[in-house]
Amino acid sequence: MTVPTGRRERKKALTRQKIADAALRLFLERGYDAVGIRDVAAEADVAVTTLFSHFASKEALVFEQDANFEQRLTRAVTDRAPNEPLVPALRREIQALVRHCTAAGAAPIWHMIDTSPALRKYEESMRLRHAESLARAIAADPGLSRSTTACRAIARFMIDAFSLARETADPEAAVDEIFRMIEAAWEVTAPGTAGR
């Protein structure tokens, strides 16, 4: 995520973080469904309109790192070193995201998400959006030369790798296992490999 440089941007980032922290604290204390937007605004000491200027919905409060995660995934494609293969670059980023989401203290948040239909639906739409952004970044790289379908499929596999690994007892081992399959799928889609 880009670090805000100006005073106004820093103040906005601090307000956003204050709202997200207040929301998460209330959701974990009282339960997601028992907390309203007004409760969060009051806890963060901001107006409801201020809350909505930072977050489009109640669900977005839980996934406050959404935009940052999406940027990190696309930058793993666009900012990788010249001639660096795609899959290892994305693997590193997925591993970092899995570590973040399985760190100490994350289990209650994921339990809340997994038990809330609204949050599960939001997470699914977020994953699809991340996959589409990632697919566009892959397709835009002239050095990768894969079909649109291959780019979209690999992007979905990457996003699903994150979700699948997060849910296992050994997320690091799961990432390794899943990425062996992703690497094989990516190689099969290379130009000139049809019919092998």
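The rules behind the values
Here the residue index of a chain counts from 1 through its sequence in written order. Side-chain atom pairs in this predicted model are given and counted only at pLDDT of 80 or more, local residue features only at pLDDT of at least 70, and totals for whole chains, interfaces and linings cover all residues. Note that water and hydrogens are dropped before the side-chain values are worked out from all heavy atoms of the structure. Numbering of helices and strands runs from the N terminus; a helix is a DSSP stretch of H or I covering at least four residues, while a strand is a stretch of E covering at least two. In this scheme, a residue with accessible area under 20% of its type's maximum is buried, one over 50% is exposed, and one in between is partly exposed, where area comes from a 1.4 Å probe on protein chains only. By definition in these notes, contact holds between two residues if any of their heavy atoms fall within 4.5 Å. Using a 1.4 Å probe, accessible areas were evaluated by the Shrake-Rupley method; residue-level cover was limited to the displayed protein chains. Each aromatic pair joins two rings of Phe, Tyr and Trp (for Trp, the six-membered one) with centres within 6.5 Å, and gets the label stacked for planes under 30 degrees apart, edge-to-face for over 60, and tilted for any other angle. Put simply, a charge is over a ring when the Lys NZ or the Arg CZ is close to the ring centre, within 6 Å, and near the line of the ring normal, within 35 degrees. A score from 0 to 100, pLDDT tells how confident the predictor is in each residue. Lines fitted to the C-alpha atoms define the axes, with helices restricted to the stretch that makes contact. Angles between their N-to-C directions range from 0 to 180 degrees. Each angle gets one of four labels, with under 35 degrees taken as roughly parallel, over 145 as roughly antiparallel, 65 to 115 as roughly perpendicular, and the rest as oblique. Handedness of a helix crossing follows the sense of rotation of the near helix relative to the far helix, less than a right angle counterclockwise being left-handed and clockwise being right-handed. Gly is put with the polar residues, along with every residue not named as nonpolar or charged; the nonpolar set is Ala, Val, Leu, Ile, Met, Phe, Trp, Tyr, Cys and Pro, and the charged set is Asp, Glu, Lys and Arg.

Engineer: How do you make sense of the overall build of the protein chain when you look at a structure like this?
Structural biologist: Within the protein chain, the secondary structure is distributed over 10 helices and zero strands. Along the protein chain, from the amino end to the carboxyl end, the secondary structure elements read α-α-α-α-α-α-α-α-α-α. With the C-alpha coordinates aligned to their principal axes, the bounding extent of the protein chain is approximately 60 × 40 × 25 Å. Residue burial in the protein chain is summarised as follows: out of 196 residues, 42% are buried. Once local pairs closer than 6 in sequence are excluded, the contacts in the protein chain between residues at least 24 apart make up 69%. With an accessible surface of roughly 11000 Å², the protein chain has 55% of that area assigned to carbon and sulfur atoms.

Engineer: Can you walk me through the packing of aromatic side chains in this structure?
Structural biologist: Any aromatic ring pair is given by two values, namely how distant the centres are and how the planes are angled relative to each other. Scanning all chains against the criterion turns up two aromatic pairs. Look at Phe27 and Tyr32: their rings are 4.9 Å apart centre to centre, the planes differ by 65 degrees, and that puts the pair in the edge-to-face class. A cation over a ring is seen here: Arg146 above Trp186, with NZ or CZ 3.9 Å from the ring centre. In this arrangement the basic side chain of Arg166 is found over the ring face of Trp110, its NZ or CZ atom lying 3.4 Å from the centre.

Engineer: How do you make sense of the confidence of the model for the protein chain when you look at a structure like this?
Structural biologist: Low pLDDT means the predicted atomic positions in that stretch should not be read closely. Averaged over all residues, the pLDDT of the protein chain equals 90, while 95% of them reach at least 70. Element-level pLDDT for the protein chain is lowest in helix H6 (residues 86-101), with a mean of 90, against a maximum mean of 96 in helix H2 (residues 37-44).

Engineer: Can you walk me through the packing of helix H8 (residues 117-140) against helix H9 (residues 148-166) in this structure?
Structural biologist: The relative placement of two packed helices is expressed as an angle between their axes plus a distance between the axes. Two elements in contact, H8 and H9, have axes whose closest approach is 8 Å; the angle formed by their N-to-C orientations is 135 degrees. The orientation of H8 with respect to H9, classified from their angle, is oblique. Regarding H8 and H9, the two cross each other, and that crossing is right-handed. Each of Glu123, Arg127, Leu128, His130, Ala131, Glu132, Leu134, Ala135, Ile138 and Ala139 in H8 lies in contact with H9, whose residues at this interface are Cys151, Arg152, Ile154, Ala155, Arg156, Met158, Ile159, Asp160, Ser163 and Arg166. Per-class residue counts for the contact of H8 with H9 are 11 nonpolar, two polar and seven charged.

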